[in-house]
Amino acid sequence: MTSTAAATVPATGSVTEDGSGTRAPVRVPFPRRISTDFRPAHERHLAWPKSFGFLSSQEEETHHLKGQFPLIAAMFYPNATGAELDLGVDQQSWYFLFDDALDEQWGLSPERVRHLVGLVKEGIGGEASPLPLAGAFADMRRRSCRDMPEDWIRRSAAHWSSYLDHHVHEAHSRHTGTPMPLSTYLRVRRHTIGVAPVIDLAERLSSCVLPDHLYALPHLSIMREMTKTFIICDNDIVSLDKDAALGERNNLVLCLEREYGISRPAAVEKALRRQEEALELFTGAHRALLAATATSLLDPGERDLLRRYCTEALQTTLRGAYDWHHASTRYRARAGADRHDTTAFPGPTQSRSMRHA
């Protein structure tokens, strides 16, 4: 059963709460959507992390609830209900638990991060180490791969490996206290933002799994990369005040400020232009893909599959991240904010995944 409903999401406002942004956020032309199973998913979502020993105190449970993981999953996967939506929620919960681990004992050195990443990566193939975080990942991975074709399993394994490995790069930057140059930041961030695994799961949850020969189409590659760019820009703009307050230096706006020697408002404006350009390239590639496939040798089933992938995996990921970013209060800088309140779709200031998320 698949179903969608209009999302109840506050209208977006200024770029920053204190009005330092130069103009309103970029407007996304795709409709807001949310799974009709959102509220039941919210009621049951704590059971999964608790089954691995997480959230053992009321404080930890309250902290986890702040992430609003059922909301972002319901936006990413508006067609999913029941156990399938639960899988999406669990993925978002795991992102948070992983980032939390990096914020605490595992993130004290690049060597510890590398060790944690190695333990978690065992779960890509379905093996689970005794570490609860790795066991939770392995469980999520096994459920994700169930009844999926080899093309998808291989691609998604590569995406998870890249996501995990690039956190070691970020750990080196944090450990040395040296901010990344803009080019390095963008190269690393496109992996640690965590978008690729979200799109992969959308293929499963919206029944639009592509074979390799369709997945590799150039227009789709452009659309996936522009989805990442758009979300990086959006995440880093809305989390700017909080990142700056916490001393986080690896943020796109701050990188642009250093790279070009410009003011903070000018850097925000430049980031917004990048975001707009990414959206223009995304929609342009989509139009070109539809035009090309209309005259290609693809059969009607393949054309329909491509259309669904664009609308039910790529557009929902871009729009879902955008709506979650601008609905969440977790990006608002405030006095006394702790490190754990810096989560972002799924962009924390420490591990910088699209975190909660």
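Before any of the text, the structure's been laid out above.
The sections below set out a description of the structure shown in this document. Quick caveat: nothing in here was measured; it's all calculated off a predicted structure.

Another point: helix α10 (residues 195-205). Across the 11 residues that make up α10, a large majority, 11, are buried. Listed in full, the buried residues belonging to α10 are V195, A196, P197, V198, I199, D200, L201, A202, E203, R204 and L205. Positive phi appears at S207, one or two residues downstream of α10, with a value of about 55°.

In this section: the packing of aromatic side chains. Summed over all chains, the structure comprises 15 aromatic pairs. An angle of 10° between the planes, with centres 5.0 Å apart, marks the rings of W94 and F98 as stacked. Placement of the pair is W94 and F98 together in helix α5 (residues 82-103), with a separation of four residues, close to one helical turn. Taken as a pair, W94 and F98 share a single burial class, namely buried. Between Y95 and W160, the ring centres sit 5.8 Å apart and the planes meet at 40°, which makes this aromatic pair tilted. In this pair, Y95 sits in helix α5 while W160 sits in helix α8 (residues 150-176), placing the two residues 65 residues apart along the sequence. As far as burial versus exposure is concerned, Y95 and W160 are alike and both buried. Here the aromatic cluster, defined as three or more aromatic residues joined through ring pairs, consists of W94, Y95, F98, F137, W160 and Y163.

Here we come to unusual backbone geometry. Notably, Q68 is not glycine yet its phi reads approximately 55°, a positive angle. Along the chain, Q68 falls in the loop between α3 (58-65) and α4 (69-76). The class for Q68 is partly exposed, based on a relative accessible area of 31%. The residue D147 is not glycine, and still its phi comes out positive at about 65°. You can see D147 is positioned in the loop between α7 (132-145) and α8. Owing to a relative accessible area of 75%, D147 belongs among the exposed residues under this scheme.

Okay, the side chain of D139 next. Looking at the secondary structure, you find D139 in helix α7. Within the local environment of D139, its side chain forms a polar contact with the side chain of R143, the two groups lying 3.1 Å apart. Leave out the neighbours within four places in its chain, and D139 touches W48 and F52.

Another aspect to go through is the pattern of salt bridges. Overall, the coordinates contain 20 salt bridges when judged by the stated rule. Here D212 and R155 are joined by a salt bridge, their closest N and O atoms 2.8 Å apart. Here D212, found in helix α11 (residues 212-215), pairs with R155, found in helix α8; they are 57 residues apart in sequence, far enough to count as distant. The partner of E225 in a salt bridge is R190, with the nearest N and O atoms 2.7 Å apart. Of this pair, E225 sits in helix α12 (residues 218-238) while R190 is found in helix α9 (residues 182-192), placing the two residues 35 residues apart along the sequence. We classify E225 as partly exposed; its relative accessible area is 25%. Taking relative accessible area as the criterion, R190 reaches 27% and is therefore assigned partly exposed. If you follow the salt bridges from partner to partner, you end up with D151, R154, R155, E203 and D212 in one network.

How each quantity is defined
- Residues numbered from 1 in each chain as written.
- Predicted model: local features only at pLDDT ≥ 70, side-chain atom pairs only at ≥ 80, totals over all residues.
- Heavy atoms only, no water.
- Buried < 20%, exposed > 50% of the residue type's maximum accessible area, 1.4 Å probe, protein only.
- Helix = DSSP H or I, 4+ residues; strand = E, 2+ residues; numbered from the N terminus.
- Phe/Tyr/Trp six-rings, centres within 6.5 Å; stacked < 30°, edge-to-face > 60°.
- Polar contact = N/O pair within 3.5 Å; in protein donor to acceptor, adjacent residues only side chain to side chain.
- Contact = heavy atoms within 4.5 Å.
- Salt bridge = Lys/Arg side-chain N within 4 Å of Asp/Glu carboxyl O.

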